[in-house]
Every structure is written in C-alpha cells, then in structure tokens.
Amino acid sequence: MAYRLNNKEYYNNRELSWLRFNYRVIEEAADPNNPLLEKLKFLAITSSNLDEFFMVRVAGLKDQVKMNYHEPDTKTQMTPGEQLAGISELNRENSAVQYDYFHRLMAELETYDIYLKRPYELPEHLQDELEEIFDTEIFPSLTPLGIDAYRPFPKLMNKKINIFINLSNELGEQAAIVQLPTVIRRYYELEDAGRTYIVLAEDIIEAHINKLFKGYRIDRTFPFRITRNADLTIHEEGAADLLIEIERFLKERTKGAAVRLEIDISRNDTINGSFLRNELGLYEQDVYKFHGPLDLTFLFGLTASLGDRFPHLTYPPFTPQEPKFLSGANIYDKALKEDIFFHHPFESFQPIVEFMREAAENPDVLAIKQTLYRVSSDSPIIEALKRAAENGKQVTVLVELKARFDEENNVQWAKELEDAGCHVIYGMHYLKTHSKITLVVKRVGKKLVRYVHLGTGNYNDSTAKLYTDMGLVTTDEDIGNDAINFFNYLSGYSLKPDYESLYVAPFDIRDLFAEYIDKEIELHRMHGKGYIFAKMNSLTDKKIINKLMQASQEGVKVDLVIRGICCLKSGIEGVSDNIRVISIVGRFLEHSRIYYFHHNGEEKMFLSSADMMTRNMIKRVEILFPIKSTAILEEIKSINRLYLMDNIKARVQKPDGTYEYVDNEHEPNSAQVELMRRAERSGREQLVQKENQLLLKVKDRFKRRK
C-alpha cells in the first residue's frame with residue numbers, strides 16, 4: 001500500500017504545538033470546575049512554563065539564526081526564522097488571553113476583600129506604612145545603575161524584574177535602571193478594616209524612586225524583565241571531572257544572551273522599549289508588552305498564602321491511599337509472590353520511601369543501585385541511600401548532573417552521597433540518563449533475590465503528590481538480571497547488554513515501537529480488531545508518527561492521550577482519520593507513559609520513562625518495561641478507558657492541529673476525579689479488611705484462652 005505521509009500539512013510544528021498546550025493550561029483559569037485560587041495558580045504555571053520555553057527552545061532557534069542555519073524542520077518545513085515569527089504571533093495571542101483572565105480573577109478576588117493595588121490607591125495611613133517598609137526593608141538593598149559614557153548598560157540578571165527610569169535636571173536627560181534584589185519579597189500584604197491589600201514590590205519602589213535620585217526630576221518609570229539563553233553547551237569532551245564542568249556551566253548560564261524583553265505598560269501604553277531592545281540586541285518580535293504585572297509566578301506564593309485562609313477556594317483535600325496491589329503487606333514479602341503496581345498520586349508514594357528505608361537498615365540487604373534524575377529538596381530517598389552506605393552496604397547511585405534546571409541540586413546531592421560512602425556516577429557521555437530504576441539485592445534464606453522498582457516518574461516524594469505516574473516492584477528473574485546488566489553497563493566499560501525483558505534507549509525503544517506497530521498492522525490485515533493505545537507527555541518523533549499514520553491508513557484504531565506537544569495531526573481523511581488525540585490538563589500533571597498493542601488478543605502492555613520523542617529514544621538512557629501480570633494489565637486498561645471517557649478535562653485535537661473540549665453530551669466524567677474516588681474507595685475497603693483481620697485475631701486469642 002502506498003501511504004500518504006509527505007505533505008507538511010499532516011504535521012504540527014513542535015514549538016507551536018507546545019504553545020497550544022500552554023494555551024490549554026491558560027484555559028484552566030476560566031474553567032468553572034476549578035476553584036478561584038487554583039485558577040490563579042494555573043496562570044502562574046503558564047508563566048513558569050513560558051520562561052523555560054524561551055530560555056531553551058526559543059534560545060536554540062535564535063542561535064540557529066545567528067549561525068546562518070536556515071534548514072527547515074523535518075515535519076512542517078518551517079525554517080528557524082519562520083518558527084520564531086510563528087512563536088511571536090501565537091504567544092502574543094496566548095498572553096492577551098492570560099492577562100485578560102488575570103484581571104478577571106483579581107476582580108473576583110475582591111469579592112473576598114482581597115485587593116491588588118498600587119501604593120497611591122491605598123488609604124493614606126497605609127501609604128505611610130508602605131513608605132516605612134520601603135525605607136527599612138527595601139531601600140538599603142537597592143542599587144541605582146546610571147547609564148552614560150562612564151557607566152555602560154549593565155549585565156542584568158535572568159528573569160529578574162527591573163525598573164527603567166527616565167530622569168532629568170538642568171544639565172539634560174539621563175537614564176537609569178534599578179533591579180529588584182533577590183532578598184526582598186515580591187509582594188507585601190497589608191491588613192486594614194477587614195480588607196487585605198496586596199502591593200507589588202516594583203510598585204512600591206516606583207512610588208518612592210525619587211529617594212534614589214535626589215536632585216533629579218523623575219520623568220517616567222516602567223518595569224521590565226529580560227529572559228536569557230539558558231541552553232548553553234556542557235563541554236563533556238575532555239572534562240577531567242564532569243562535576244567541576246557542571247559548576248562552571250551553572251555560572252555561565254546566568255550570562256546568556258537575551259532572548260525576550262517583557263515590559264509592563266499598564267501605566268503608560270506609549271512605551272516602546274526601543275532603547276532597551278537595541279542595547280540587548282533584540283528584534284521587535286522579541287518584545288512583549290503587558291497591561292499588568294510581569295512574571296505571574298508570584299501567584300504561586302500568593303495563592304498558597306490565601307489558601308490557608310480560604311480553603312474553600314482551593315481543591316478539596318485529597319490524601320493518597322494505600323496502594324491497592326500492596327494491600328498493607330510488607331513490600332518485600334509481597335514482591336516474592338507477585339508483582340506490585342503503584343499509581344501515584346492516587347496511591348501513596350510512601351511505600352517506595354519505605355522500600356528504600358528498609359533496604360538501608362535490613363542486614364540481609366547487600367547492595368542498592370539506583371538512578372536519580374530529579375529529587376525533592378529534602379529527599380528521604382537520598383537520606384536512605386546515605387544511611388545504607390553508612391551501614392556498610394554497597395550503594396551505587398547514578399546522579400544525572402545534566403538534568404536541566406536541576407543541575408545545581410544534583411551537584412549538591414552527588415557530593416553528599418559521595419561523602420556518605422556511596423559510589424556515585426554522573427551519567428553517560430553525551431546522553432542523559434532519564435530512566436527510573438532501583439535494584440535491591442537481598443538475601444532471602446539461602447538465595448539472593450533481586451528486587452527491582454521501575455517507574456515512569458522521578459524518585460521525588462514532592463512531585464509524586466502532583467504528577468500522575470506509575471511504577472512496579474518485581475522479583476521477576478529476567479527483569480532482575482536485566483537490572484544488574486543495566487547498572488554494570490552504566491558504571492563500567494562494556495558493550496550494551498542483550499536484555500531479556502527490558503528495552504533500553506538509545507534506539508531499542510524506538511525500534512520496538514516501530515516493530516510492534518508493523519505487527520499490529522499485519523495482524524489487523526489478517527484478523528481485524530487492530531488497536532493501539534499510547535499515553536505520554538509529547539509525540540515528536542517523525543518515524544513513529546509515520547508508522548502511526550500507516551496504521552491508521554490500514555484501518556488500525558489508534559487512541560493517543562498526549563498532554564503536551566503532538567506533531568501528528570489527527571483526523572485527516574485518508575491519512576490519520578483512525579487516530580484520535582486527546583489532551584488532559586487537570587488538577588494533577590499527567591506524566592505517566594503507557595503503551596499498549598492489542599496484537600489480536602495477545603496483548604502487550606508497557607510502561608516507560610520515555611515519551612515518543614526523538615530526544616528520549618535516541619539521546620537518552622531510558623527504560624521501557626513490560627507488564628507481565630494479567631491483573632495489573634487489566635487494571636491499567638481500566639485506567640486507560642477512564643482517560644478516553646473524560647469529557648470534563650479532555651480536549652480533542654482537530655485536523656488543523658487546534659484543540660476543543662470533548663463533546664459533553666454524555667454523563668460528566670473526569671478521569672482524575674474518578675481515580676481519586678476509586679483510590680478512596682479502595683482505601684476504605686482495605687481499612688475494613690484490616691479491622692476484620694484484627695477482630696478475627698482478637699476472637700482467636702479469646703477462644704484459645706477459654
């Protein structure tokens with residue numbers, strides 16, 4: 001069969017697809033299902049997302065333009081310059097909606113007597129209080145930076161808010177900049193007559209800026225913010241110690257070239273920022289002007305503070321439950337009998353923490369090996385590894401120093417683990433180790449048993465409460481042998497192993513996907529019933545996209561649940577009309593990766609740390625692991641069905657690459673809400689079961705006494 005694949009109209013550009021995803025996050029600020037403070041938090045998330053997008057993706061495109069690299073991308077045939085123009089246009093549309101929602105939500109917040117105000121809008125006695133705050137807390141840390149022949153334009157810090165000042169005296173006009181110091185708060189809360197007033201630090205400084213420039217007339221002030229290139233190159237080749245090279249890289253990152261200029265024009269919409277743009281070497285399309293405060297990430301702190309006072313304006317509390325497949329048993333005892341499945345955050349991450357703590361303390365445990373990509377700031381996993389080393393166990397930890405924006409944390413963890421006696425390795429040459437695997441070797445009777453934990457998400461007890469992820473603890477012999485070979489491959493010198501059950505990137509995972517899609521097509525031709533399900537963060541790999549389109553053109557039904565980027569356009573007649581793409585953005589960040597192939601009833605289910613992205617499958621060390629337990633396979637299938645039935649938080653992709661909410665004609669269903677209900681129901685059932693078991697034990701003791 002001749003497949004239709006080569007038309008650029010069949011694909012979405014990666015960067016524009018990401019911006020459409022960020023728009024879906026912005027839309028959560030208007031969803032009536034979300035409480036008020038949660039809506040504001042989604043606006044903070046979009047700002048944080050966008051910062052990283054500019055520091056990495058936009059910065060990379062700008063570097064290509066500077067180097068006269070004009071090769072089009074392989075899917076939509078857009079050159080780097082065309083992509084930058086498209087980003088500028090689409091992001092302006094997104095930002096206009098974002099700030100419209102911001103102003104609406106702040107107006108709604110006023111119904112609860114909470115007001116975002118400028119100093120001059122406050123009652124006079126509160127203005128006096130603010131001036132006292134300025135004089136005692138803010139003024140001593142400010143440094144005015146004049147700009148003239150003797151004082152060149154300063155090197156301003158990445159993502160920090162600055163105030164630009166036009167001033168003059170009898171000698172002429174001057175310009176200066178004041179940067180908000182890191183040591184001061186971003187906003188201040190004032191209480192008065194039952195009302196709470198929120199005042200931003202930049203507004204307080206602007207109100208008293210004359211105290212910094214005595215003898216001058218202040219003609220104009222406005223806040224601005226610079227985003228810099230943070231995607232600098234880590235020079236691994238020839239580095240005697242990667243730890244030292246990473247520390248050098250972190251210092252250089254703050255000095256990257258400017259890639260975006262943001263200006264608050266809410267007090268003066270005639271500001272064009274041309275002076276700043278020229279000094280920073282930016283173009284008009286790099287300048288974004290807002291009628292509102294810059295850097296909406298301050299809403300993270302504000303919503304957390306207000307959430308304590310107004311709990312009804314946040315999500316109802318949810319407590320992760322005891323994992324259903326563990327049923328209160330000891331994880332080591334249970335794993336000897338059957339595989340154990342975990343689904344976070346609906347089920348608690350605490351058993352994984354206890355798995356590590358018991359390994360650290362149990363004298364029968366001989367060795368622990370683990371990969372770490374991102375961990376929490378006060379990680380119990382790190383503490384367990386250190387304790388294990390102190391107890392004389394052989395502890396090997398791969399700490400991925402190249403985990404973007406976590407490099408500094410990981411450098412510190414690597415040093416602490418080494419000091420505790422762990423053997424620490426820093427990753428692999430030119431590859432990021434993104435896999436999530438732990439191996440515990442324990443003596444059970446006269447045998448050495450290999451306990452393996454594999455997961456789709458990080459060993460991070462904080463994000464495990466916010467991200468949906470899946471994991472497995474198993475004593476399967478093939479997987480245990482594969483785990484040993486995997487760690488030996490990472491820590492020593494050997495050829496890539498031949499694995500029995502695991503599939504390890506680079507290359508193997510993509511090869512398996514291509515092989516299994518081809519097999520699904522072949523079996524569908526013979527028997528019909530062809531079906532593929534995949535859930536992931538992003539889909540960008542053209543080879544896999546083309547394979548999925550081939551499957552669609554052969555009649556195989558394909559369901560894709562993709563939270564973020566999707567470079568495949570679904571629903572195009574004769575090309576991808578058997579493919580359905582939905583995106584779910586909700587209370588929890590959808591992070592689990594699930595891959596399912598029907599294979600005419602010989603079902604194959606895999607979980608992975610990898611998305612169907614070229615970078616994951618070619619440029620990283622990732623693991624794809626099979627689900628061998630029929631019970632666990634059926635459990636995951638039931639979870640998949642919930643996602644496909646979602647008509648509250650799900651958006652479906654249209655053939656033009658845009659998204660719309662799923663038709664809500666049927667009974668309302670939110671996958672995340674239903675999974676919380678299931679977990680709570682399971683938790684209650686397990687509690688009743690434990691109480692009944694305890695009651696039986698008491699009765700049995702009573703009988704024996706009689």
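Please refer to the structure higher up on the page.
Definitions and limits used
- Residues numbered from 1 in each chain as written.
- Predicted model: local features only at pLDDT ≥ 70, side-chain atom pairs only at ≥ 80, totals over all residues.
- Heavy atoms only, no water.
- Helix = DSSP H or I, 4+ residues; strand = E, 2+ residues; numbered from the N terminus.
- Rg over C-alpha atoms; globule rule 2.2 N^0.38 Å.
- Buried < 20%, exposed > 50% of the residue type's maximum accessible area, 1.4 Å probe, protein only.
- Contact = heavy atoms within 4.5 Å.
- Lys, Arg positive; Asp, Glu negative; His and termini not counted.
- Charge placed at Lys NZ, Arg CZ, Asp CG, Glu CD.
- Pairing = 2+ DSSP bridges.
- Axes fitted to C-alpha atoms, helices over the stretch in contact; angles between N-to-C directions.
- Parallel < 35°, antiparallel > 145°, perpendicular 65-115°, else oblique.
- Phe/Tyr/Trp six-rings, centres within 6.5 Å; stacked < 30°, edge-to-face > 60°.
- Lys NZ or Arg CZ within 6 Å of the ring centre and 35° of its normal.
- Expected span 1.5 Å × (residues − 1).
- Arc of directions from axis to C-beta.
- Core = buried A, V, L, I, M, F, W, Y, C linked by side-chain atoms within 4.5 Å.
- Disulfide = S-S within 2.5 Å.
- 1 Å grid on protein atoms, 1.4 Å probe; cavity = no way out; pocket = protein on both sides within 12 Å on 5 of 7 lines; lining within 4 Å.
- Points joined across faces, edges and corners; volume = space filled by probe spheres on them.
- Right-handed = clockwise from strand over helix to strand, strands pointing away.
- Salt bridge = Lys/Arg side-chain N within 4 Å of Asp/Glu carboxyl O.
- Left-handed = near helix turned anticlockwise from the far one by under 90°.
- Nonpolar A, V, L, I, M, F, W, Y, C, P; charged D, E, K, R; others polar.

Peer 1: Is there a simple way to think about the overall build of the protein in this case?
Peer 2: Helix and strand content of the protein: 18 helices and 28 strands. Taken against the 2.2 N^0.38 rule, which gives 27 Å for 706 residues, the C-alpha radius of gyration of the protein at 28 Å falls within 12% of a compact globule. For the protein, the spread of C-alpha atoms along the principal axes amounts to about 95 × 75 × 60 Å. When burial is assessed residue by residue, the protein has 58% of its 706 residues classed as buried. Within the protein, contacts between residues at least 6 apart in sequence are counted, and of these 73% link residues at least 24 apart. The centroid of the 94 positive side-chain charges in the protein is displaced by 4 Å from the centroid of its 107 negative side-chain charges.

Peer 1: Sorry if this is basic, but what is going on with the sheet that holds strand S5 (residues 187-192) here?
Peer 2: By definition, the strands of a sheet pair up through backbone hydrogen bonds, in either a parallel or an antiparallel sense. Judged by pairing direction, the sheet is mixed, and its 3 strands sit side by side in the order S1-S6-S5 without closing on themselves. Every interior strand has two partners, whereas the edge strands, strand S1 (114-116) and S5, have only one. Averaged over all pairs of adjacent strands, the angle between strand axes in this sheet comes to 25 degrees, irrespective of strand direction. Of the pairings in the sheet, the one linking S5 to strand S6 (residues 195-200) comprises 6 bridges and is antiparallel in character. Bridging across to S6, Glu189 finds its partner in Ile198.

Peer 1: Explanation requested: the sheet that holds strand S19 (residues 531-536) in the structure shown.
Peer 2: Pairing in this open sheet of 9 strands is mixed, and the strands run S18-S26-S24-S23-S19-S20-S21-S27-S28 from one edge to the other. Sheet topology places strand S18 (503-504) and strand S28 (659-661) at the edges, where each strand pairs with a single neighbour. Two elements, strand S23 (residues 593-597) and strand S24 (residues 604-608), share 5 bridges in a ladder whose sense is antiparallel. Counterpart to Arg593 in the pairing with S24 is Ser608. Running at roughly 75 degrees to S24, helix H17 (residues 630-645) makes contact with S19, strand S20 (557-562), strand S21 (579-584), S23 and S24 of the sheet.

Peer 1: Can you walk me through the packing of helix H1 (residues 14-27) against helix H2 (residues 36-66) in this structure?
Peer 2: Angle between the axes and distance between the axes: these two values describe a pair of packed helices. Where H1 contacts H2, the axes come no closer than 9 Å and their chain directions differ by 170 degrees. When the axes of H1 and H2 are compared, the pair comes out roughly antiparallel. Contacts from Arg14, Glu15, Trp18, Leu19, Phe21, Asn22, Val25 and Ile26 in H1 reach Phe42, Leu43, Ile45, Thr46, Asn49, Leu50, Phe53, Arg57 and Leu61 in H2.

Peer 1: Even after reading the chapter, I still don't get the packing of aromatic side chains, so can you show me in this structure?
Peer 2: When we look at a pair of aromatic rings, we describe it by the centre distance and by the angle of the planes. If you walk through the whole model with that rule in mind, you get 25 aromatic pairs. With centroids separated by 4.9 Å and ring planes inclined at 20 degrees, the aromatic side chains of Tyr332 and Phe355 adopt a geometry described as stacked. Of this pair, Tyr332 sits in helix H9 (residues 331-337) while Phe355 sits in helix H10 (residues 350-361), and the two are 23 residues apart along the sequence. An aromatic cluster is built from Trp18, Phe21, Phe53, Phe54 and Tyr288, whose rings are joined through pairwise contacts. Cation over ring: Arg24 sits above Tyr659, and NZ or CZ is 3.8 Å from the ring centre. Residue placement shows Arg260 over the ring face of Phe54; its charged tip is 4.5 Å from the ring centre.

Peer 1: What's the story with helix H4 (residues 124-138) in this structure? I'm lost.
Peer 2: Two residues of an α-helix separated by three or four positions point the same way, owing to the 3.6 residues in each turn. Here H4 is 15 residues long and its end C-alpha atoms lie 20 Å apart, about the 21 Å a rise of 1.5 Å per residue gives. Within the span of H4, buried status applies to Leu126, Leu130, Ile133, Phe134 and Ile138. Buried residues in H4, looked at end-on, bunch into an arc of 100 degrees, giving them a common side. Looking at the buried side of H4, the elements it contacts are S5, S6 and helix H5 (201-207).

Peer 1: How do you make sense of the nonpolar core when you look at a structure like this?
Peer 2: Here is a general trend for soluble globular proteins: nonpolar side chains tend to be buried in one another's company. Formed by 111 residues in total, the largest nonpolar core has its most connected members in Leu539, Leu548 and Leu560. Top contributing element to this core by residue count: H2, with 12 residues. The next biggest cluster of nonpolar side chains, apart from the first, holds 92 residues, and it includes Ile382, Val452, Tyr531 and Ala671.

Peer 1: Sorry if this is basic, but what is going on with the state of the cysteines here?
Peer 2: Counting across every chain of the model gives 0 disulfides. Residue Cys567 stays outside any disulfide, its sulfur separated by 7.0 Å from that of Cys566, the closest cysteine.

Peer 1: I keep staring at empty space enclosed by the protein and nothing clicks. Help me out?
Peer 2: A probe matching the size of a water molecule, rolled over the atoms, marks out where space remains unfilled. Under the defined criterion, the tally for this structure stands at 5 cavities of 30 Å³ or more. Approximately 110 Å³ is the volume found for the largest cavity. Along the wall of the largest cavity there are 14 residues; nearest its centre are His344, Phe349, Gly457, Asn458 and Asp469. The set of elements that each furnish at least two residues to the lining of the largest cavity consists of strand S16 (447-455) and strand S17 (467-474). Broken down by element, the lining of the largest cavity gets its largest block of residues, 4 residues, from S17.

Peer 1: Even after reading the chapter, I still don't get the pairing of strand S11 (residues 365-372), so can you show me in this structure?
Peer 2: Along any regular strand, the residues point their side chains to alternate faces of the sheet. Among the 8 residues of S11, 7 are classified as buried, and the element is accordingly described as predominantly covered. With 5 bridges connecting them, S11 and strand S15 (residues 437-444) associate as antiparallel partners. Its bridge partner lying in S15, Val365 is registered against Lys442. For S11 and strand S12 (residues 394-399), the ladder comprises 6 bridges, and the chain directions are parallel. Bridge pairing links Lys369 to Thr396 in S12. With respect to chirality, the unit in which S11 leads through helix H11 (residues 380-390) into the neighbouring parallel S12 is right-handed.

Peer 1: What is the right way to look at the pattern of salt bridges in this model?
Peer 2: Two side chains that carry opposite charge are able to pair once their charged atoms sit near each other. Taken as a whole and judged by the stated rule, the model has 43 salt bridges. Arg57 is the partner of Glu15 in a salt bridge, and the nearest nitrogen-oxygen pair spans 2.6 Å. Taken together, the residues span a long stretch of sequence, with Glu15 in helix H1 and Arg57 in helix H2 at a distance of 42 residues. Residue Glu15 is classed as buried on the basis of its relative accessible area, which comes to 4%. Arg57 gets classed as partly exposed once you look at its relative accessible area, which sits at 30%. A salt bridge links Arg185 to Glu137; the shortest N-O distance between them is 3.3 Å. Separated by 48 residues along the polypeptide, Arg185 in the loop between strand S4 (172-179) and S5 and Glu137 in helix H4 bring together distant segments of the chain. Its relative accessible area of 45% is what places Arg185 among the partly exposed residues. For Glu137, a relative accessible area of 40% translates into the label partly exposed. Here the residues in one salt-bridge network are Glu27, Glu28, Asp31, Lys649 and Arg651, joined through shared partners.

Peer 1: It is not clear to me how the packing of H2 against helix H8 (residues 298-309) should be interpreted in this structure. Could you clarify?
Peer 2: Relative orientation of the contacting elements H2 and H8 amounts to 160 degrees, with a least axis distance of 8 Å. One element, H2, and the other, H8, form an angle in the roughly antiparallel class. Handedness of the crossing formed by H2 with H8: left-handed. Every residue of H8 that contacts H2 at Leu37, Leu40, Lys41, Leu43, Ala44, Ile45 and Ser48 is listed here: Leu299, Phe300, Thr303, Leu306 and Gly307. Among the residues making up the contact of H2 with H8, the classes are represented as 8 nonpolar, 3 polar and 1 charged.

Peer 1: Before we go on, may I ask you to explain helix H14 (residues 508-527) in this structure?
Peer 2: The terminal C-alpha atoms of H14 lie 28 Å apart, and with 20 residues this matches the ideal 28 Å at 1.5 Å per residue to within 8%. Every buried residue belonging to H14 is among Ile509, Arg510, Leu512, Phe513, Ala514, Tyr516, Ile517, Glu520, Ile521, Leu523 and His524, and all of these are buried. Positive phi appears at Gly528, one or two residues downstream of H14, with a value of about 75 degrees.

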